[in-house]
Amino acid sequence: MNFLIVVATFFVMEGLTWLTHKYIMHGFLWSLHKDHHDHSNDGHMEKNDYFFVIFAVPTILLMYYGTLQGFNHWFYIAIGIALYGMAYFFVHDIFIHQRIKLLRDTQNPYLLAIRRAHKQHHKHIGKEKGECFGFLWVPVKYFKMYFNKNK
């Protein structure tokens, strides 16, 4: 049962990420996310990186509370969120934005589709007219672009 909680939470996080990205990061917290789109930051860190802390704090609190309650469901929900956060870091920061130069020349259709959708998202410098707010699941048209090439 605990494994199912972790897996379900991981997948629910994709929907929550889409909503958060569209309505919070491109909404009232645009001031933190803006430099991620217009590259107005100096150095390697962006104001956008504060979202790591913003999202980590509730996860840590859920994990802590869950351990106090005998490793109840809150703990396993926190594990699912933390795993999603790690996946986000590796795919978004390392693979897509190449903060660490890995997988630059991949031919994997799934990874190429995610990268293409993210580029479409970043073609809009402002907070309006955005598209592709998801992370691990993006519109099917991007998957078709790369999966059809391999036939």
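For the protein, an unreviewed UniProt entry supplies the name Beta-carotene hydroxylase and the organism Chryseobacterium shandongense. Entered under Sequence similarities (unreviewed entry) in the UniProt record, the comment concerning the protein runs "Belongs to the sterol desaturase family."

Caption draft 1: Representation of the packing of helix H1 (residues 2-28) against helix H2 (residues 30-38) in the model. Their axes nearest at 5 Å, the elements H1 and H2 cross at an angle of 95°. Taken together, H1 and H2 sit at an angle that is classed as roughly perpendicular. Taking contact as the criterion, the partners of His21, Ile24, Met25, His26, Gly27 and Phe28 in H1 are, on H2, Trp30, His33 and His37. Of the residues that constitute the contact of H1 with H2, the class distribution is four nonpolar, five polar and no charged.

Caption draft 2: Quick look at the layout of surface pockets. Of the volumes computed, that of the largest pocket is approximately 930 Å³. In terms of lining, the largest pocket is formed by 33 residues, of which the most central are Phe51, Phe52, Phe55, Ala56 and Gly85. Going through the elements one at a time, H1, helix H3 (50-68) and helix H4 (73-96) are the ones with two or more residues in the lining of the largest pocket. Among the elements that take part in the lining of the largest pocket, H3 stands out by supplying 12 residues, more than any other. Tallied by class, residues from the lining of the largest pocket come to 21 nonpolar, eight polar and four charged.

Caption draft 3: Representation of the side chain of histidine 121. With respect to the helices, strands and loops of the structure, histidine 121 is situated in helix H5 (residues 109-122). Its relative accessible area of 1% is what places histidine 121 among the buried residues. Looking at histidine 121, its side chain comes within polar contact range of the side chain of histidine 37, at 3.1 Å. Those residues within four positions of histidine 121 in sequence are excluded, and the remaining contacts are His21, His26, His33, His37, Glu131, Cys132 and Phe133.

Caption draft 4: Main features of H2. Every buried residue belonging to H2 is among Trp30, Leu32, His33, Asp35, His36 and His37, and all of these are buried. Where H2 ends, the next residue or the one after it, histidine 39, has phi of about 55°, a positive value.

Caption draft 5: Just empty space enclosed by the protein, in detail. Scanning all chains against the criterion turns up one cavity of 30 Å³ or more. In this structure, the largest cavity encloses a volume near 90 Å³. Elements supplying a minimum of two residues to the lining of the largest cavity: H1, H4 and H5. Residues belonging to the lining of the largest cavity are distributed by class as follows: eight nonpolar, five polar and no charged.

Caption draft 6: The nonpolar core, seen in detail. Counting residues in hydrophobic clusters, the biggest one holds 12 residues: Phe10, Met13, Ile81, Tyr84, Ala87, Val91, Phe95, Ile96, Leu111, Ile114, Phe135 and Leu136. Every element with two or more residues in this core is listed here: H1, H4 and H5. Ranked by residue count, the leading element in this core is H4, at six residues. For phenylalanine 10, the contacting residues outside a window of four places in its chain are Gly80, Leu83, Tyr84, Ala87 and Leu136. Ranked by size, the runner-up nonpolar core spans eight residues in total, among them Ala117, Cys132, Val138 and Tyr142.

Caption draft 7: Looking closely at the pattern of salt bridges. Under the counting rule described, the total for this entry stands at two salt bridges. Measuring nitrogen to oxygen at the nearest pair gives 2.9 Å for the salt bridge that ties aspartate 38 to lysine 34. Here aspartate 38 and its partner lysine 34 are both found in helix H2, four residues apart, which amounts to about one turn of the helix. Between lysine 123 and glutamate 131 there is a salt bridge whose closest N-O contact spans 3.7 Å. Among the residues examined, glutamate 131 registers a relative accessible area of 22% and is labelled partly exposed.

Rules used in this analysis
Residues numbered from 1 in each chain as written. Predicted model: local features only at pLDDT ≥ 70, side-chain atom pairs only at ≥ 80, totals over all residues. Heavy atoms only, no water. UniProt positions renumbered as here; feature names shortened; annotations may be inferred. Axes fitted to C-alpha atoms, helices over the stretch in contact; angles between N-to-C directions. Helix = DSSP H or I, 4+ residues; strand = E, 2+ residues; numbered from the N terminus. Parallel < 35°, antiparallel > 145°, perpendicular 65-115°, else oblique. Contact = heavy atoms within 4.5 Å. Nonpolar A, V, L, I, M, F, W, Y, C, P; charged D, E, K, R; others polar. 1 Å grid on protein atoms, 1.4 Å probe; cavity = no way out; pocket = protein on both sides within 12 Å on 5 of 7 lines; lining within 4 Å. Points joined across faces, edges and corners; volume = space filled by probe spheres on them. Buried < 20%, exposed > 50% of the residue type's maximum accessible area, 1.4 Å probe, protein only. Polar contact = N/O pair within 3.5 Å; in protein donor to acceptor, adjacent residues only side chain to side chain. Core = buried A, V, L, I, M, F, W, Y, C linked by side-chain atoms within 4.5 Å. Salt bridge = Lys/Arg side-chain N within 4 Å of Asp/Glu carboxyl O.

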